[in-house]
Amino acid sequence: MNVILVGLIVANGLVTYQGLNDLSFFRKYEFHVGSIRSGQQIRMFSSGFLHADWGHFFFNMLTLWFFAPVVIEWLGTISFLLIYIGSLIFGSLLTMLFHKDDYSYRAVGASGAVTGILYSAILLEPNMMLGVFFVIPMPAYLFGILYLLYSIYGMKAKNDNIGHTAHFGGAIGGYLITLIKEPSLFVDHTLMVILLAIPILILFVMAKLGKL
């Protein structure tokens, strides 16, 4: 059992518990564009440890528990922590980029960080099989591509309360930091590196063309 992994789960649990039992604490540390633009940048980090409810917390931590061991085994604990924190920040940065003019936009959750770990694990082990909804078998790389395409759809549709932008930013963080830490993937998994980059390119092309 990895101490850092357990520590992250405990930290998320403690901050979430405090936030769910103290609304002023929740409002002080959630992601809120207006507050961040007024100088409260700590929210871009602290919001990644708050969750909207215990179901939200459980789903994120369960996903982290499943995929963290792949990253830790390949890259070690310190790199795992770097990817987690880096992906959290990437998720917040991309959210600010896309929502900078929506001063009332709010978000919470470790989803960006967790998606970064998920995408890192997929990049490292693209052929591992995942059980979508715990039932449908699917290669990890295919799941990763479809997940990000769905995130683009969610960002465009804006018809739910899911932080798709943070998910996507986290995936970008996990992708880039993993390749920096393990450049051999460019040679060993060349096709997968290219395939997993396609949704990222689609996002920025659509943003450039004003389609989001």
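Details of the structure are given in the entry above.
So, here's what we can say about the structure.

As for the overall build of the protein
- Looking only at helices and strands, one finds 11 helices and four strands in the protein.
- Computed over the C-alpha atoms, the radius of gyration of the protein is 17 Å, within 12% of the 17 Å expected from 2.2 N^0.38 for a compact globule of 212 residues.
- Taken along its principal axes, the extent of the C-alpha atoms in the protein is 50 × 45 × 35 Å.
- A fraction of 74% describes how many contacts in the protein between residues 6 or more apart in sequence connect residues 24 or more apart.
- Carbon and sulfur atoms provide 69% of the accessible area of the protein, an area that totals close to 10,700 Å².

Looking at a nonpolar patch on the surface
- Together, Leu 142, Leu 146, Leu 149, Ile 198 and Ile 202 make up an exposed nonpolar region whose accessible area comes to about 360 Å².
- Among the elements of the structure, helix 8 (140-157) and helix 11 (190-208) are those that each provide at least two residues to the nonpolar patch.
- With three residues, the top contributor of residues to the nonpolar patch is helix 8.
- Relative to the elements of secondary structure, Leu 146 occurs in helix 8.

Some words on the environment of Val 71
- If you trace the backbone, Val 71 turns up in helix 5 (residues 54-75).
- Judged by its relative accessible area of 0%, Val 71 falls in the buried class.
- Each C-alpha atom of the pair Val 71 and Ile 117 lies 7.2 Å from the other, and the pair is 46 residues apart in sequence.
- Those residues in contact with Val 71 that sit more than four places away from it in its chain are Gly 76, Phe 80, Ile 83, Ile 117, Ser 120, Ala 121 and Leu 124.

Considerations on the packing of helix 8 against helix 11
- At a minimum axis distance of 9 Å, the contact between helix 8 and helix 11 shows a crossing angle of 5 degrees. By the angle between their axes, helix 8 is roughly parallel relative to helix 11. For the pair helix 8 and helix 11, contact is made by Tyr 141, Ile 145, Leu 148, Leu 149, Ile 152, Met 155 and Lys 156 and by Met 192, Leu 195, Leu 196, Pro 199, Ile 200, Ile 202, Leu 203 and Met 206, respectively.
- By residue class, the composition of the contact of helix 8 with helix 11 is 14 nonpolar, no polar and one charged.

With respect to the packing of helix 7 (residues 111-124) against helix 9 (residues 164-181)
- Look at helix 7 against helix 9: their axes get within 7 Å of each other, and the N-to-C directions meet at 45 degrees. It follows that helix 7 is oblique to helix 9 by the angle criterion. The two elements helix 7 and helix 9 meet at a crossing, and its hand is right-handed. Residue-level inspection shows Ser 111, Gly 112, Thr 115, Gly 116, Tyr 119, Ser 120, Leu 123 and Leu 124 of helix 7 in contact with helix 9, the latter providing Ala 166, His 167, Gly 170, Ala 171, Gly 174, Tyr 175, Thr 178 and Leu 179.

So, the pattern of salt bridges
- Counted according to the given criterion, the structure contains three salt bridges.
- Glu 30 serves as the salt-bridge partner of Arg 106, at 2.2 Å between the closest nitrogen and oxygen. You can see Arg 106 sitting in strand 2 (residues 106-107) and its partner Glu 30 sitting in the loop between helix 2 (23-29) and strand 1 (31-32), a full 76 residues away along the chain.
- In this structure Arg 106 comes out as partly exposed when scored by relative accessible area, which is 42%.
- Judged by relative accessible area, Glu 30 falls into the buried class, the value being 2%.
- Between Arg 37 and Asp 101 there is a salt bridge; the shortest N-O distance is 3.6 Å. One end of the pair, Arg 37, is in helix 3 (residues 33-37); the other, Asp 101, is in the loop between helix 6 (77-99) and strand 2, and 64 residues separate them in sequence.
- According to the relative accessible area criterion, Asp 101 is exposed, its value standing at 59%.
- The network of salt bridges with common partners includes Arg 27, Glu 30 and Arg 106.

Cut-off values and rules
Residues numbered from 1 in each chain as written. Predicted model: local features only at pLDDT ≥ 70, side-chain atom pairs only at ≥ 80, totals over all residues. Heavy atoms only, no water. Helix = DSSP H or I, 4+ residues; strand = E, 2+ residues; numbered from the N terminus. Rg over C-alpha atoms; globule rule 2.2 N^0.38 Å. Contact = heavy atoms within 4.5 Å. Areas by Shrake-Rupley, 256 points an atom, 1.4 Å probe, with all protein chains shown as cover. Patch = residues over 30% accessible without salt bridge, like charges linked within 9 Å, V, L, I, M, F, W, Y side chains within 5 Å. Salt bridge = Lys/Arg side-chain N within 4 Å of Asp/Glu carboxyl O. Buried < 20%, exposed > 50% of the residue type's maximum accessible area, 1.4 Å probe, protein only. Axes fitted to C-alpha atoms, helices over the stretch in contact; angles between N-to-C directions. Parallel < 35°, antiparallel > 145°, perpendicular 65-115°, else oblique. Nonpolar A, V, L, I, M, F, W, Y, C, P; charged D, E, K, R; others polar. Left-handed = near helix turned anticlockwise from the far one by under 90°.

Interpretation note: all reported values are geometric properties and have no functional meaning in isolation.
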